[in-house]
Amino acid sequence: MSTKRFNPKGNLLLYHAGAAVAVMAWGVSFISTKVLLDSGLNPIEIYIYRFAIAYIAMLLICHKRLLCDSWRHEFTFMLGGLFGGSIYFISENVALEYTLVSNVSLITSLSPLLTVLLIGFIYRTDRVGKETILGSVVAFLGVGLVIFNSSFSLSIKPLGDMLSLLAALCWAIYSIIIKKLNPLYSALFITRKTFFYGVLTAIPFLLIEPEITPPTVLLEPKLMFNILFLALFCSMFAYLMWAVIIGKIGAVKASNYMYFQPVVTLVFSFFILGEKISIIGYTGCAMILLGVWMADYLQKRKLKKQN
């Protein structure tokens, strides 16, 4: 009688692959969002339509339980929807109206480093070593090269840059919230609640928009395809995957994959939009890969020496 052996290394590899797929989805999402923006929708409308559809889809597959174990947990989920949903996406998109895209991309890429620092500050038993910080710094420098792949111009405009920094901080806080909720609830439940509170807390932001685009415009095939792609793949699938991955490999390791997002955007922009990749872009991609590898490998080597 044969029994299947549990292969921890194989499962761990699968989780890392899932993190890469989730970040790839978010990298491609910039292109679909650009199509919707060029068609006249504003950033807040795009966010609400995207996550409302994702929530309805999640509700169809996860509807047996609606409420948490306590109101305290319900409040924690509301914070997750606020920081990982409405504030993060809206501040990032609105920042594009006040500063350069390169500024926004570079500053929001600080989220993995902010996650490392916040986790080290909050969880004293989960402090990261200098190896992880070194790898994160190398990857962050790579992000800078990817963003400035075609230009070294960096214009500082305080309002847009502060909104970008707010978005980076929000994602770091969201990763820590998910880390806290993972042992208590399933990934499906966590993802669905995040979408619900993300949409609910975004509705008041519509008050700052002078005009609201009627939902009927989404019936246009091109717009419908892009909003469904954002809702079902970039939101429902990627967020669900992210909730599972944080519980399996940790918020710090998972957040390091966020450095791949500019790489994905760079590559897909080359194939879809025809934008050229310079030697600077290739160098940045290589540094990002090196930094993520360093953060993981050096930390493992240190632990092995200690044991």
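What comes next concerns the included structure. What you see is a predicted model, and the numbers here were worked out from it, not measured in a lab. (Residues numbered from 1 in each chain as written. Predicted model: local features only at pLDDT ≥ 70, side-chain atom pairs only at ≥ 80, totals over all residues. Heavy atoms only, no water.)

Moving on, we get to the environment of Y49. Note on placement: Y49 falls in helix α2 (residues 43–61). Overall, the relative accessible area of 16% leaves Y49 in the buried class. Distance in space between the C-alpha atoms of Y49 and L228 is 9.3 Å, their sequence separation being 179 residues. If near-sequence neighbours (up to four positions away) are discounted, Y49 is found in contact with L41, T213, P214, P215, L218 and I227. (Helix = DSSP H or I, 4+ residues; strand = E, 2+ residues; numbered from the N terminus. Buried < 20%, exposed > 50% of the residue type's maximum accessible area, 1.4 Å probe, protein only. Contact = heavy atoms within 4.5 Å.)

This paragraph deals with the side chain of R192. Position of R192 relative to the elements: it lies in helix α8 (residues 187–202). Salt bridges are absent for the buried R192, whose nearest opposite-charge side chain, E74, sits at 6.9 Å. Polar side-chain contacts of R192 include one of 2.7 Å to the backbone oxygen of R65. If we skip the residues at most four places from it in the chain, R192 touches Y55, M58, L59, C62, H63, R65 and L66. (Lys, Arg positive; Asp, Glu negative; His and termini not counted. Salt bridge = Lys/Arg side-chain N within 4 Å of Asp/Glu carboxyl O. Polar contact = N/O pair within 3.5 Å; in protein donor to acceptor, adjacent residues only side chain to side chain.)

The subject of this paragraph is the pattern of salt bridges. A complete count under the given rule lists 2 salt bridges for this structure. R65 serves as the salt-bridge partner of D69, at 2.1 Å between the closest nitrogen and oxygen. A residue is classified by how much of its surface remains accessible, and D69, at 55% relative accessible area, is exposed. Judged by relative accessible area, which is 35%, R65 ranks as partly exposed.

It is worth spelling out helix α9 (residues 221–249) at this point. Helix length check: α9 (29 residues) gives 39 Å between terminal C-alpha atoms against 42 Å at 1.5 Å per residue, within 8%. At A238, α9 is deflected by roughly 25°, the largest bend along its length. In the segment just after α9, G250 is the residue with positive phi, at about 95°. (Expected span 1.5 Å × (residues − 1). Bend = angle between axes of the 7 residues up to and from the residue.)

Turning our attention to the nonpolar core. With 76 residues, the main nonpolar core has W26, F77, W171, F195, Y239 and W242 as its most contacted residues. If one sorts the elements of this core by residue count, α9 sits on top with 13 residues. (Core = buried A, V, L, I, M, F, W, Y, C linked by side-chain atoms within 4.5 Å.)

Running from amino to carboxyl end, α2 crosses α9 at an angle of 60°, the nearest separation of the two axes being 8 Å. Considered as vectors, α2 and α9 are oriented oblique to each other. The way α2 lies across α9 gives a crossing that is right-handed. In contact with I46, Y49, R50, F51, I53, A54, A57 and M58 of α2, α9 contributes I227, L228, L230, A231, L232, C234, S235, M236 and Y239. Here the residues of the contact of α2 with α9 are counted per class, giving 15 nonpolar, 1 polar and 1 charged. (Axes fitted to C-alpha atoms, helices over the stretch in contact; angles between N-to-C directions. Parallel < 35°, antiparallel > 145°, perpendicular 65-115°, else oblique. Left-handed = near helix turned anticlockwise from the far one by under 90°. Nonpolar A, V, L, I, M, F, W, Y, C, P; charged D, E, K, R; others polar.)

A pair of packed helices can be characterised by two numbers: the angle between their axes and the separation between those axes. Two elements in contact, helix α7 (residues 158–181) and α9, have axes whose closest approach is 9 Å; the angle formed by their N-to-C orientations is 60°. In this structure, the crossing between α7 and α9 has a hand that is right-handed. Residues W171, Y174, S175, I178 and K179 of α7 lie in contact with α9, whose contacting residues are Y239, W242, A243 and I246.

This model, assessed by the stated rule, comprises 23 aromatic pairs. Relative to F189, the ring of F77 has its centre 5.6 Å away and its plane inclined at 80°; by these criteria the two rings are edge-to-face. With a gap of 112 residues between them, F77 in helix α3 (residues 71–95) and F189 in helix α8 connect regions that are remote in the sequence. Owing to a relative accessible area of 1%, F77 belongs among the buried residues under this scheme. (Phe/Tyr/Trp six-rings, centres within 6.5 Å; stacked < 30°, edge-to-face > 60°.)

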